[in-house]
Amino acid sequence: YEVHDVLNSYPLFIFGESYAGHYIPTLASEILYNSEFLRKKLKGIAIGNGLFDTATQEQTFSPIARAYGFVFGPKSQKLTNIQLDLTRNRISKHYKDYLDRFDDGIGFVRDQVANINPYNLRVQNNPSKSYINQFLNSKEAKAMFNIPENYTYSYRNNDVWLSFGEDFVDSQARHFELAIEKIDVLLYVGRNDIVCTYQGIWEFLLELPAEWFNNSEHVCRQPKHQLKLNDRIVGSIRRSHNVLVLLFNEAGHLAPADDPVATKWMVDHLSLIHISEPTRQAEISYAVFCLKKK
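Since the structure is predicted, the reported quantities are computational estimates derived from the model, not experimental observations.

Conventions used here
Residues numbered from 1 in each chain as written. Predicted model: local features only at pLDDT ≥ 70, side-chain atom pairs only at ≥ 80, totals over all residues. Heavy atoms only, no water. Helix = DSSP H or I, 4+ residues; strand = E, 2+ residues; numbered from the N terminus. Areas by Shrake-Rupley, 256 points an atom, 1.4 Å probe, with all protein chains shown as cover. Polar contact = N/O pair within 3.5 Å; in protein donor to acceptor, adjacent residues only side chain to side chain. Contact = heavy atoms within 4.5 Å. pLDDT = per-residue confidence, 0-100. Expected span 1.5 Å × (residues − 1). Buried < 20%, exposed > 50% of the residue type's maximum accessible area, 1.4 Å probe, protein only. 1 Å grid on protein atoms, 1.4 Å probe; cavity = no way out; pocket = protein on both sides within 12 Å on 5 of 7 lines; lining within 4 Å. Points joined across faces, edges and corners; volume = space filled by probe spheres on them. Core = buried A, V, L, I, M, F, W, Y, C linked by side-chain atoms within 4.5 Å. Phe/Tyr/Trp six-rings, centres within 6.5 Å; stacked < 30°, edge-to-face > 60°.

What to know about the overall build of the protein chain
Piece 1. Along the backbone of the protein chain there are 14 helices and nine strands.
Piece 2. Entry remark: accessible area of the protein chain is about 15,200 Å², with carbon and sulfur atoms responsible for 52%.

And the structure:
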């Protein structure tokens, strides 16, 4: 806003997916508490398949894999043991061990059924990460992200990944209180993701106090309405005052790429955001700061 005066008449919306379930609630809370100027601009946040609270969400990993029939018998017990290790390592603050077992769990499910993609059960996993390296090491991408030309991106830098441990297991629940009270909140979820599962996000929402919902009914107690587009049932919607939860039946971790038609409907009709989001490769996570168009 300071650099581009022409934008001063535009409200601010914050939009992202996956690990943005950490960034966005934290940023929104910081703005609402500490920035008088941006507090007047910020009107809403939207998060897709967000990682909000590992203590809650990790508990659904094994049950969902079993429910889909990916694991059973002794293999089911192995995945349950991984889930128990996650809980122990999180409680004991062994963050490196936690992230190692998190990787083990994803890899275990992926390897059970024809190299399935745990982030979208409708597609196979792409073991090649060459497209990510090629894009992020291009001159255009480095210029876009203000990265020095002598820096080289390497997929899954283990040192960077492990440095996220403490933040990774930190619950973001506390940052939702003021957001739910003051601004619009949209949570949208692709059903076919067994990492940030719909069930895990639902359990996270159930733990939020009812009094946070502006004297309205808790969003989890609202009736579910079917979302149908061109005779296709694409998902369901629940709404409580300014909080909206939307489930996409045919999407995984990245709904805009997996079901662009349904996602475009969300953008066009829910009056929360208006963003032209490009189709991206399935494993690139992102957080986008955007302005609503007039």
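Quick word on the side chain of Q172
Piece 1. With respect to the helices, strands and loops of the structure, Q172 is situated in the loop between α10 (165–168) and α11 (176–182).
Piece 2. A polar contact of 2.7 Å, which involves the side chain of Q172, links it to the side chain of T26.
Piece 3. Beyond its immediate sequence surroundings of up to four residues, Q172 is in contact with G21, H22, P25, T26 and F52.

Comments concerning the confidence of the model for the protein chain
Piece 1. On average, residues of the protein chain score 82 in pLDDT, and 88% of them reach the 70 mark or higher.
Piece 2. When the criterion is pLDDT under 50, residues 272–294 qualifies, and its contacts beyond four places in sequence or with other chains add up to 71 contacts.

Side note on helix α1 (residues 20–34)
It helps to recall that an α-helix has 3.6 residues per turn; residues three or four apart then point in one direction.
Piece 1. Between its terminal C-alpha atoms α1 stretches 20 Å, which fits the 21 Å expected from 15 residues at 1.5 Å a residue.
Piece 2. Of the residues making up α1, those classed as buried are A20, G21, H22, I24, P25, A28, S29, I31 and L32.

Comments concerning empty space enclosed by the protein
Piece 1. Summed over all chains, the structure comprises three cavities of 30 Å³ or more.
Piece 2. Around the largest cavity, the lining residues are L51, T54, Q57, E58, F61, L86, Y98, R101, F102, G105, I106 and V195.
Piece 3. Only α3 (54–57) and α6 (95–112) provide two or more residues apiece to the lining of the largest cavity.
Piece 4. At five residues, α6 tops the list of elements feeding residues into the lining of the largest cavity.

Considerations on the nonpolar core
Piece 1. In terms of nonpolar packing, the biggest core is built from 34 residues, with L42, I45, F176, I180, V185, L205 and L208 touching the most fellow members.
Piece 2. At the level of secondary structure, the elements contributing two or more residues to this core comprise β1 (12–17), α1, β2 (42–48), α11, β5 (184–190), α12 (198–206) and β8 (243–248).
Piece 3. The contact partners of L205, leaving out residues within four places of it in the chain, are L187, H218, C220 and V245.
Piece 4. Listed in part, the 25 residues of the second largest apolar core include V71, L86, V109 and V169.

A short note on the packing of aromatic side chains
Pairs of aromatic rings are described using the distance from one ring centre to the other and the angle between the two planes.
Piece 1. Counted according to the given criterion, the structure contains 14 aromatic pairs.
Piece 2. Between F102 and F168, the ring centres sit 5.1 Å apart and the planes meet at 75°, which makes this aromatic pair edge-to-face. In this pair, F102 is assigned in helix α6 and F168 in helix α10, connecting sequence segments 66 residues apart.
Piece 3. The buried category is assigned to F102, whose relative accessible area is 16%.

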